[in-house]
Amino acid sequence: MHDLDPSFAVDEEEDENNSSSEADRVPTVAANAHYRRKKSKPAHDSLAMQLNGTIISPNCAFRSEVNVTAVRTDWEHTTGKAINYSFYMMLTCLTQIVVLLRQMLHTQSPSAAVRVSLLCVGWQTVLDAVLCVGHIFLCLVMQPLFTAFASVAFFKLLIFCVIEMKYMAIVVQARHNASNNAGNDTSAEELRRKVALLHLRFYAALMFATAGFWAFGQKHRILYVLFLYSFWVPQIVCNIITEAKKPLHHYFVYGMSVTRLVAPMYMFAVPNNFMKEVNPDFPTDLLMCELLVLWVGVQAAVLIAQGKYGARFMIPAIFLPPKYDYSRPIPPSMKPPPPPPSETPKPPRNISDDEADGAGAVVVKQRGPRIRKGSGKGKSSGGPRRKNAARVGSEESKGTTMTVSEGTRPPPDAPTLDCVICYNDIDISDRMGYMLAPCDHIFHRTCLEQWMDVKMECPICRKELPAL
Ligand SMILES: [Zn+2]
Ligand SMILES: [Zn+2]
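Residues numbered from 1 in each chain as written. Chains lettered and ligands numbered in written order. Predicted model: local features only at pLDDT ≥ 70, side-chain atom pairs only at ≥ 80, totals over all residues. Heavy atoms only, no water.

The protein chain carries the name RING-type E3 ubiquitin transferase in an unreviewed UniProt entry, which gives Pseudictyota dubia as its organism. The Pathway (unreviewed entry) field of the UniProt record for the protein chain holds the comment "Protein modification; protein ubiquitination." The record held by UniProt for the protein chain lists under Catalytic activity (unreviewed entry) the comment "S-ubiquitinyl-[E2 ubiquitin-conjugating enzyme]-L-cysteine + [acceptor protein]-L-lysine = [E2 ubiquitin-conjugating enzyme]-L-cysteine + N(6)-ubiquitinyl-[acceptor protein]-L-lysine." (UniProt positions renumbered as here; feature names shortened; annotations may be inferred.)

Encoded structure:
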């Protein structure tokens with residue numbers, strides 16, 4: 001009663017004194033309804049009817065403001081926009097499937113798969129699941145647009161439930177096998193427990209993300225969306241810790257970064273999108289979109305730079321432990337004896353492996369595995385071969401991906417050792433041309449760098465290689 005407007009209190013007293021009639025007891029409604037249409041919007045835009053009114057009851061000292069907005073949606077027009085949206089979303093989903101499969105191919109060897117951050121893949125899985133749930137929600141609240149949103153939800157379901165879940169299981173299995181190889185004998189039961197735990201964590205994260213949307217989606221929308229789109233951060237941190245150089249294929253980084261921005265860009269940056277048709281108060285947030293593009297762009301740039309300049313390029317060298325020097329001088333015991341001065345270069349001839357291996361005083365006997373694009377391409381690495389530059393062309397014609405540039409061919413009188421990756425001679429007088437592993441196995445720099453993109457172990461003795 002004390003909160004009431006004084007004028008109402010006076011009315012009430014008067015009513016009591018004069019024993020007011022029945023008509024006075026009926027609440028008075030002062031309503032003012034009108035159609036509102038913004039002039040800037042096109043003629044086919046949705047109509048919004050706004051009802052402003054006041055309900056007054058002097059007897060009860062009751063007063064209530066009424067403010068109602070009713071929207072009449074032009075469903076035919078909105079459906080067209082929604083179908084366009086779902087078409088572009090499906091294109092982005094197809095792109096995501098392609099880059100995901102490319103990434104799985106990139107890390108098909110277990111040693112490459114263990115370097116992928118499980119949290120990074122899991123984060124993107126949760127993001128896809130949130131988008132899937134969001135589109136199912138749109139299906140339910142906008143029945144006329146059911147088909148458009150259901151198809152997007154289906155594609156998102158396919159991505160997170162089939163491909164990304166499978167990829168996470170592959171990474172878990174690769175880590176499990178690596179742990180077994182390292183001497184920690186863990187059972188298959190342990191692996192099943194890890195995969196079950198992974199699913200549990202995923203559903204917990206999905207619940208947190210959905211709850212976070214209701215809690216922070218309105219008030220702290222920018223922070224919430226930026227957090228949801230921080231999915232590359234775990235991989236950047238993982239790279240720094242493990243010194244992995246390029247665990248993610250650059251197609252995957254570029255493809256995912258761009259396609260994941262499509263949905264928020266459409267929702268919050270495109271004027272007159274279908275959400276605005278249905279709900280004229282749906283916000284347009286250009287600042288959030290700019291920050292989002294910047295944030296995802298910075299993360300992708302750091303990942304690509306880690307692949308080019310090393311995983312710890314952003315950390316000053318004084319904070320890092322000393323690095324292994326692959327260009328260290330070759331120990332005298334490894335060096336081949338200098339050729340006799342009177343010897344003249346012989347014309348190229350075909351010789352067998354045994355002849356080749358026995359020809360020098362110090363050559364590598366064991367043949368390591370070769371890097372190939374596909375197992376069906378090319379012949380095996382054995383068999384007779386030519387031991388000079390003419391061999392380079394024949395290696396390329398067999399379909400190997402290892403190509404040796406002309407610059408790696410040593411001068412005829414330079415002391416040489418064999419590179420087991422490409423079977424060519426190494427010019428040991430050029431310290432930037434070779435890489436000497438801690439196990440004293442020597443390779444061409446280009447050959448071993450390509451090898452290290454796939455495996456961080458010596459091609460000959462399989463000892464672990466320190467990061468570049
Ligand atoms: Zn080589
Ligand atoms: Zn070795």
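Undergrad: Where do I start with the environment of Leu119 in this structure?
TA: Mapped onto the elements, Leu119 comes out in helix H5 (residues 118-141). Using a relative accessible area of 53% as the deciding quantity, one classes Leu119 as exposed. Sequence separation between Leu119 and Gln235 is 116 residues, and the spatial gap between their C-alpha atoms is 7.6 Å. (Helix = DSSP H or I, 4+ residues; strand = E, 2+ residues; numbered from the N terminus. Buried < 20%, exposed > 50% of the residue type's maximum accessible area, 1.4 Å probe, protein only.)

Undergrad: Sorry if this is basic, but what is going on with the coordination of the zinc ion (ligand 1) here?
TA: Six octahedral donors around a metal ideally sit at 90 or 180 degrees from one another, while four tetrahedral donors ideally sit at 109.5 degrees. Coordination of the zinc ion (ligand 1) by the protein is provided by Cys419 (SG), Cys422 (SG), His444 (ND1) and Cys447 (SG), with metal-donor distances spanning 2.2 to 2.3 Å. Each of the four donor atoms bound to the zinc ion (ligand 1) contributes to angles spanning 89 to 121°, and the resulting shape is tetrahedral. Between consecutive donors of the zinc ion (ligand 1), the numbers of intervening residues give the motif C-x2-C-x21-H-x2-C. Pair noted here: Cys419 is in the loop between strand S6 (416-418) and strand S7 (425-427) and Cys447 is in helix H15 (residues 445-454), with a separation of 28 residues, a long-range link. A relative accessible area of 0% means that Cys419 is categorised as buried. We classify Cys447 as buried; its relative accessible area is 1%. (Donors = N, O, S within 2.8 Å, 3.2 Å for Na, K, Ca; no water. Tetrahedral: all angles 85-135°; square planar, octahedral: opposite > 155°, others 65-115°.)

Undergrad: Would you mind going over the side chain of Gln235 with me for this structure?
TA: Within the secondary structure, Gln235 sits in helix H9 (residues 233-242). Apart from the residues lying within four places of it in its own chain, the contact partners of Gln235 are Arg115, Val116, Ser117, Cys120, Pro247, Leu248 and Leu303. (Contact = heavy atoms within 4.5 Å.)

Undergrad: Is there a simple way to explain the confidence of the model for the protein chain in this structure?
TA: Confidence in the prediction for the protein chain averages 76 pLDDT; 71% of positions are at 70 or higher. Low confidence marks residues 1-45, where pLDDT is under 50. Its contacts with residues over four positions away, or in another chain, come to 51 contacts. Long-range and interchain partners of residues 351-407, a stretch whose pLDDT sits below 50, account for 81 contacts in this model, where long-range means more than four residues apart. (pLDDT = per-residue confidence, 0-100.)

Undergrad: I would appreciate a short explanation of the UniProt feature "transmembrane region" (unreviewed entry) in the protein chain in the present structure.
TA: The feature "transmembrane region" (unreviewed entry), as given by UniProt, occupies residues 82-101, 113-138, 144-163, 200-216, 222-242, 251-270 and 282-305 in the numbering adopted here. This span, residues 144-163, is 90% helix and 0% strand, and a straight line between its end C-alpha atoms measures 30 Å. With 95% helix and 0% strand, residues 251-270 has end C-alpha atoms that lie 27 Å from one another.

Undergrad: Teacher, can you tell me more about the pattern of salt bridges here?
TA: Between side chains of opposite charge, a pair can form when the charged atoms approach closely. Going through the model one piece at a time under the given rule, you end up with 12 salt bridges. Between Asp128 and Arg260 there is a salt bridge, with the nearest N and O atoms lying 2.8 Å from each other. Residue Asp128 is found in helix H5, and its partner Arg260 is found in helix H10 (residues 250-269); the two are separated by 132 residues along the sequence. Its salt-bridge partner being Glu457, residue Arg462 comes within 2.9 Å of it at the nearest N-O pair. The class of Arg462 is partly exposed, set by a relative accessible area of 45%. Connected through salt bridges with shared partners, the residues Asp128, Lys156, Glu164 and Arg260 form a single ionic network. (Salt bridge = Lys/Arg side-chain N within 4 Å of Asp/Glu carboxyl O.)

Undergrad: What is the right way to look at unusual backbone geometry in this model?
TA: Trans peptide bonds make up most of the peptide bonds, and negative phi angles are found at most residues other than glycine. The phi dihedral of Tyr423 falls on the positive side, at around 65°, and the residue is not glycine. With respect to the secondary-structure elements, Tyr423 resides in the loop between S6 and S7. A positive phi angle, near 65°, is found at Arg462, a position not held by glycine. Mapped onto the secondary structure, Arg462 falls in the segment after H15.

Undergrad: Can you help me understand the coordination of the zinc ion (ligand 2) in this one?
TA: Taken together, the protein ligands of the zinc ion (ligand 2) are Cys439 (SG), His441 (ND1), Cys458 (SG) and Cys461 (SG), with distances of 2.0 to 2.3 Å. Of note is the zinc ion (ligand 2), whose four donor atoms meet at the metal with angles of 105 to 115° in an arrangement that counts as tetrahedral. Each donor residue of the zinc ion (ligand 2) lies on the same chain, and together they follow the pattern C-x1-H-x16-C-x2-C. For the pair shown, Cys439 and His441 are each scored as buried.

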